[in-house]
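# Structural features, examined
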Amino acid sequence: MFSDTVEGMDIKDTARPLDGAGVSAFLRSLPAKPLLLGLGEARHFVGELGELRNQIFRHLVEHEGYRSFAIESDCLRGLVVDDYITTGAGTLDDVMESGFSHAFGASPANRELVRWMRAYNEEHDEKLRFFGFDGPLEYWAESPRQALTGLYALLDGPLPCTMETLDALLGPDDRWTNEATVMDPSQSIGRSADARRLRILADDLVALLDTQVPRLSVKDRERAALYARTAVGLLRYHSWMADTSPARIMRLSALRDAMMAANLRAVAGQGSALVFCHNLHLQRDKSSMRIGDLPVEWWSAGAITEAHLGDRYAFLASAFGTVGDDTPPPDTVEGILSTLPWDRSLIDARRLAEAITKPAPRVSHDFRYFPLDPARLDMIDGVVFLKQAVKLG
């Protein structure tokens with residue numbers, strides 16, 4: 001059955017059914033227990049993957065000692081979710097509305113995850129934690145106001161400026177969040193006199209934080225560090241929003257992934273965590289795109305994270321067989337995996353790379369689905385494979 005694609009190995013020898021026992025067996029096969037286990041999305045808003053992710057996280061909490069969950073969402077908004085699951089502050093409806101970016105709060109699977117984490121914490125002394133690890137940005141960016149004023153409020157005098165000075169330099173938030181800057185750098189205020197002054201003040205505030213760490217509680221220390229790296233990161237990002245050189249898009253993309261990676265290192269400091277994010281951000285190699293005729297490359301958050309954590313970082317890429325009405329050709333990786341006897345499988349990606357010979361690249365009719373790259377299977381630890389993805393958002 002597999003003679004055209006397998007050299008001496010049945011494809012089933014590389015895979016197991018995806019259940020709790022399979023997840024634990026996979027973790028035991030790794031060279032070290034990962035501090036960060038990345039579960040990638042081949043496509044955002046796939047209901048079946050969100051439901052499966054929740055099952056995997058529950059198993060990791062109950063059987064593998066995991067205590068944190070991190071998602072590709074605004075790191076500052078994530079504080080709202082974390083406060084809710086740890087203390088019960090707010091209501092579930094309000095948290096789903098204000099605690100997520102990128103419309104992720106509308107996901108039924110995310111709602112169920114937050115509900116379950118809160119219920120778990122009500123019954124256990126050792127609390128679960130929730131983190132957003134994306135910056136407050138995508139290609140446009142938020143105002144640095146929340147990060148700068150939040151950091152300022154946690155510090156003690158003498159401070160490098162007054163809050164009134166900070167507020168005046170920030171000005172109205174809508175001059176920072178102008179989405180026209182995505183296509184028109186001249187619309188950005190990122191290199192204005194006010195922005196340059198704010199970058200100096202941000203540096204002074206971060207330096208002051210380093211001198212005051214001993215006086216802060218553990219919670220305030222964690223929050224101040226988040227505010228500090230977010231303020232600096234946002235001001236850098238806004239500066240490059242104003243750039244007119246060919247390097248602009250590459251630098252913006254690289255800065256976003258670098259902010260993600262910095263947040264992930266902070267998450268790792270809290271203990272083992274499941275990280276849920278698009279495959280392209282969690283991969284171990286460079287991300288790439290074309291802007292017209294210009295190729296653009298930058299190191300992904302996963303590559304940066306592995307450079308710091310080594311084998312304490314592991315990456316499971318997701319892939320789907322049929323996506324909506326789009327069925328993979330039989331000679332693609334997804335087509336080959338569709339012959340497995342299980343609806344949900346966990347595959348050793350490096351053994352898979354050895355087992356299949358020259359599969360064809362898949363071209364998906366769903367532009368939001370990113371197929372597996374056959375040439376990069378050996379850079380993935382495992383593949384979470386669903387034969388069908390029907391619940392598409």
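Looking at an unreviewed UniProt entry, the chain carries the name Erythromycin esterase, with the source organism given as Planotetraspora silvatica.

A word on the environment of leucine 166. Relative to the helices and strands, leucine 166 is located in helix α7 (residues 163-170). Taking the C-alpha atoms as reference, leucine 166 lies 23 Å from aspartate 74; in sequence the two are 92 residues apart.

Here the focus is the side chain of threonine 332. Positionally, threonine 332 belongs in the loop between β8 (313-323) and α13 (333-337). Among the polar contacts listed, one links the side chain of threonine 332 to the backbone oxygen of proline 329, at a separation of 2.8 Å. Engagement of the side chain of threonine 332 in a polar contact is seen with the backbone nitrogen of glycine 335, the distance being 3.0 Å. In contact with threonine 332, other than residues within four places in its own chain, are Pro359, Ala360, Pro361 and Arg362.

Each pair of packed helices can be described by the angle between their axes along with the distance between the axes. In contact at an axis separation of 10 Å, helix α1 (residues 20-29) and helix α2 (residues 47-64) are set at 65° when each is read in the N-to-C sense. By the angle between their directions, the pair α1 and α2 is classed as roughly perpendicular. Here α1 and α2 pass one another in a crossing that is right-handed. Between α1 and α2, the contacting residues are Gly20, Ala21, Val23, Ser24, Leu27 and Arg28 on the first element and Ile56, His59, Leu60 and Glu64 on the second. Across the contact of α1 with α2, the residue classes break down as 5 nonpolar, 3 polar and 2 charged.

Here is what the cut-offs are and how they apply
- Residues numbered from 1 in each chain as written.
- Predicted model: local features only at pLDDT ≥ 70, side-chain atom pairs only at ≥ 80, totals over all residues.
- Heavy atoms only, no water.
- Helix = DSSP H or I, 4+ residues; strand = E, 2+ residues; numbered from the N terminus.
- Polar contact = N/O pair within 3.5 Å; in protein donor to acceptor, adjacent residues only side chain to side chain.
- Contact = heavy atoms within 4.5 Å.
- Axes fitted to C-alpha atoms, helices over the stretch in contact; angles between N-to-C directions.
- Parallel < 35°, antiparallel > 145°, perpendicular 65-115°, else oblique.
- Left-handed = near helix turned anticlockwise from the far one by under 90°.
- Nonpolar A, V, L, I, M, F, W, Y, C, P; charged D, E, K, R; others polar.

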